[in-house]
Amino acid sequence: MWQFIMLQAALPILLTGFRPYDGMARNPTELLMARAPEALADIPGVSLRAIVLDTSYRRSEAQFAAALDDFRPDIVLSFGLSRRIDEIKLERIAVNVDDAPIADNAGELRRGQTIAEDGPVGYWSTLPIDVIRRALKDADIPAGISNHAGTYVCNHILYFGLHTIATRRLPTRMGFIHVPPLPDMVGDQPGRSGLSLDALVKAARIIIATVTSATRSR
């Protein structure tokens, strides 16, 4: 008797990080993208691509769009740095505005500028953020949920990505994860701890596994 085994195709997952900005020497998400292809290559059932975006409103759009067209991911996990936090923050909403007191890396300053004139006020993340938070906490990685991704380039790329996915009617899931500085980046600031690169890699592994499981069970 013949036995047929149905093999599931590997889910293509795009990971994005950012270059340093505002005078910083390093960005943990850039380091995470450099480490990810090798460190996370053993996760079963996925095909990963990691890219680093310029911290620029315009350039990040072009780079993201090119990766979306070339790789055609089922899942996009975008990572960015928040210098104020000491835990992983899973973003709930992207808002349709650029409004930051600092310029991007191209020198462009945006105050109260709409991202997409034809877009809604906001988009919900399409990641299972409550499930991800529980999985991270179960692994002793500090994690919480943030109600929106700010109004700088991190929010910009989340909104741009979700708007592109919506207008093109793609099945792609996308969300944004803010990470803390590395421990040596917070120095001796009272009450600050940061999060190590090893912990960020572990967190990325858990997030990928959790989202993959949720996507396959849809």
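On a predicted model such as this, the values are computed, not experimentally measured, just so you know. All residue numbers refer to positions counted from 1 along the written sequence of the respective chain. In view of the model being predicted, local features appear only for residues whose pLDDT reaches at least 70, and side-chain atom pairs are presented and counted only at 80 or more, with totals across whole chains, interfaces and linings using the full set of residues. Hydrogens and water molecules were not included; the side-chain quantities draw on all heavy atoms of the structure.

Thoughts on the sheet that holds strand E8 (residues 173-179)
Backbone-to-backbone hydrogen bonds join strands into a sheet, with any given pair of strands oriented parallel or antiparallel. For the record, the criterion: In this description, strands pair whenever DSSP reports at least two bridges between them. Runs of E in the DSSP output that reach at least two residues are strands. Runs of H or I that reach at least four are helices, and both are numbered from the N terminus. Inter-axis angles, ranging from 0 to 180 degrees, are taken between N-to-C directions of lines fitted to C-alpha atoms, where helices are fitted over the stretch in contact. Only heavy atoms enter the contact rule, under which two residues are in contact if any of them lie within 4.5 Å.
Taken together, 6 strands build an open sheet; the order of strands is E2-E1-E3-E8-E4-E7 and the sheet is mixed. Taken across any chain shown, the strands that pair with only one partner, and hence form the sheet edges, are strand E2 (46-53) and strand E7 (143-146). Recorded for the sheet is a direction-independent mean angle of 25° between the axes of neighbouring strands. Bridging between strand E4 (residues 88-91) and E7 involves 4 bridges; their strand directions are parallel. The partner of Ile88 across the bridge, within E7, is Ala143. Across the sheet, helix H4 (residues 153-167) touches strand E1 (11-18), E2, strand E3 (75-81) and E8, and the angle it forms with E8 is around 175°.

A word on helix H2 (residues 57-71)
What counts, and what does not: Multiplying 1.5 Å by the residue count of a helix minus one yields the expected span of that helix. Between buried and exposed lies partly exposed: a residue is buried under 20% and exposed over 50% of the maximum accessible area for its type, with that area taken using a 1.4 Å probe on protein chains only. The directions from the helix axis to the C-beta atoms are what the arc is built from.
Its 15 residues give H2 an end-to-end C-alpha distance of 21 Å, which sits within 8% of 21 Å, the value for a rise of 1.5 Å per residue. By the burial criterion, the buried members of H2 are Tyr57, Ser60, Phe64, Ala67, Leu68 and Phe71. Axial view of H2: buried residues confined to an arc of 100°, hence all on one face. Turned more than 90 degrees off the buried face of H2, the exposed positions are Arg58, Ala62 and Asp70. Here the buried face of H2 lies against E1, E2, E3, H4 and E8.

Details of the nonpolar core
To keep things clear, this is the line we draw: Each nonpolar core is a collection of buried residues, namely Ala, Val, Leu, Ile, Met, Phe, Trp, Tyr and Cys, held together in the definition by side-chain atoms within 4.5 Å.
In terms of nonpolar packing, the biggest core is built from 36 residues, with Leu15, Leu77, Phe79, Ile88, Leu136 and Ile177 touching the most fellow members. Per element, the largest residue contribution to this core is 10 residues, and it comes from helix H6 (residues 197-216). With residues near it in sequence (within four places) discarded, Phe79 still touches Leu15, Thr16, Gly17, Phe18, Thr29, Leu32, Met33, Phe176, Ile177, Val179, Ala204 and Ile207. Core analysis: the second largest hydrophobic core is formed by 30 residues, Leu53, Ala94, Ala149 and Leu158 among them.

Considering the packing of helix H3 (residues 129-138) against H6
We count it as follows: The labels follow the angle: roughly parallel below 35 degrees, roughly antiparallel above 145, roughly perpendicular from 65 to 115, and oblique for the rest. In this scheme the crossing of two helices becomes right-handed for a clockwise turn of the near helix relative to the far one and left-handed for an anticlockwise turn of less than a right angle.
The N-to-C vectors of H3 and H6 enclose an angle of 135°; their axes lie 9 Å apart at closest approach. The angle between H3 and H6 falls in the class oblique. The chirality of how H3 crosses H6 is right-handed. Across from Val131, Ile132, Ala135 and Leu136 in H3, the residues of H6 making contact are Ala203, Ile206, Ile207, Thr210 and Val211.

Notes on the packing of H2 against H4
How we decide: Ten residues, namely Ala, Val, Leu, Ile, Met, Phe, Trp, Tyr, Cys and Pro, are considered nonpolar, four, namely Asp, Glu, Lys and Arg, are considered charged, and the remaining ones, Gly among them, are considered polar.
Across the interface, H2 lies against H4 with an axial gap of 10 Å and an inter-helix angle of 40°. Comparing the axis directions of H2 and H4 gives the class oblique. The chirality of how H2 crosses H4 is right-handed. Along its contact with H2, which presents Tyr57, Ser60, Glu61, Phe64, Ala65 and Leu68, the element H4 presents Val153, His156, Ile157, Phe160, Gly161 and Thr164. A class-by-class count of the residues in the contact of H2 with H4 yields 7 nonpolar, 4 polar and 1 charged.

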